Amino acid sequence: MEDQQFDVTRKFVRVTGERDGGLVEFEFSVGEPELAAELIMPRAAFAAFCADNRVTLLEAASARPEGDFAWNLHDATHQRFR
């Protein structure tokens with residue numbers, strides 16, 4: 001088995017939406033894209049955040065896998081869960 005190290009230098013962003021007033025909703029991950037924090041900030045701050053952190057942009061949220069645990073807080077505000 002290959003020994004994999006958690007690499008804190010790898011940073012990822014996945015845009016999940018945009019709101020009126022130029023706010024960008026996105027997920028930010030460090031090390032592994034599967035575990036993310038959801039953030040929202042103005043477009044200019046988002047661009048600076050991405051540049052400062054040298055992020056890798058991931059595919060749109062619609063490309064995420066499906067299943068019982070494949071949801072985020074944004075989804076929870078727009079649909080009812082079982």
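It should be noted that the structure appears before, not after, this text.
Bear in mind that the values here come from a model prediction, so they are computed numbers and not experimental data.

Let us look at helix H1 (residues 43-53). Buried within H1 are the following residues: Phe46, Phe49, Cys50 and Asn53. Buried residues of H1 fall within an arc of 95 degrees about the axis and therefore sit on the same side. Across from the buried face of H1, at angles greater than 90 degrees, the exposed residues are Ala44, Ala51 and Asp52. Looking at the buried residues of H1, the elements they touch are strand E1 (11-19), strand E2 (23-30) and strand E3 (37-42).

The subject of this paragraph is the side chain of Asn53. Residue position: Asn53 is located in helix H1. Taking relative accessible area as the criterion, Asn53 reaches 18% and is therefore assigned buried. Among the polar contacts made by the side chain of Asn53, one reaches the main-chain carbonyl oxygen of Phe49 at a distance of 2.9 Å. Ignoring sequence-local partners within four residues, the contact set of Asn53 consists of Lys11 and Phe28.

All right, on to the nonpolar core then. Counting residues in each nonpolar core, the largest one holds nine residues, listed as Val13, Val24, Phe26, Phe28, Met41, Phe46, Phe49, Cys50 and Val55. At the level of secondary structure, the elements contributing two or more residues to this core comprise E2 and H1. In contact with Phe49, other than residues within four places in its own chain, are Val13, Phe26, Phe28, Leu39 and Met41.

Criteria and cut-off values
Residues numbered from 1 in each chain as written. Predicted model: local features only at pLDDT ≥ 70, side-chain atom pairs only at ≥ 80, totals over all residues. Heavy atoms only, no water. Buried < 20%, exposed > 50% of the residue type's maximum accessible area, 1.4 Å probe, protein only. Helix = DSSP H or I, 4+ residues; strand = E, 2+ residues; numbered from the N terminus. Arc of directions from axis to C-beta. Contact = heavy atoms within 4.5 Å. Polar contact = N/O pair within 3.5 Å; in protein donor to acceptor, adjacent residues only side chain to side chain. Core = buried A, V, L, I, M, F, W, Y, C linked by side-chain atoms within 4.5 Å.

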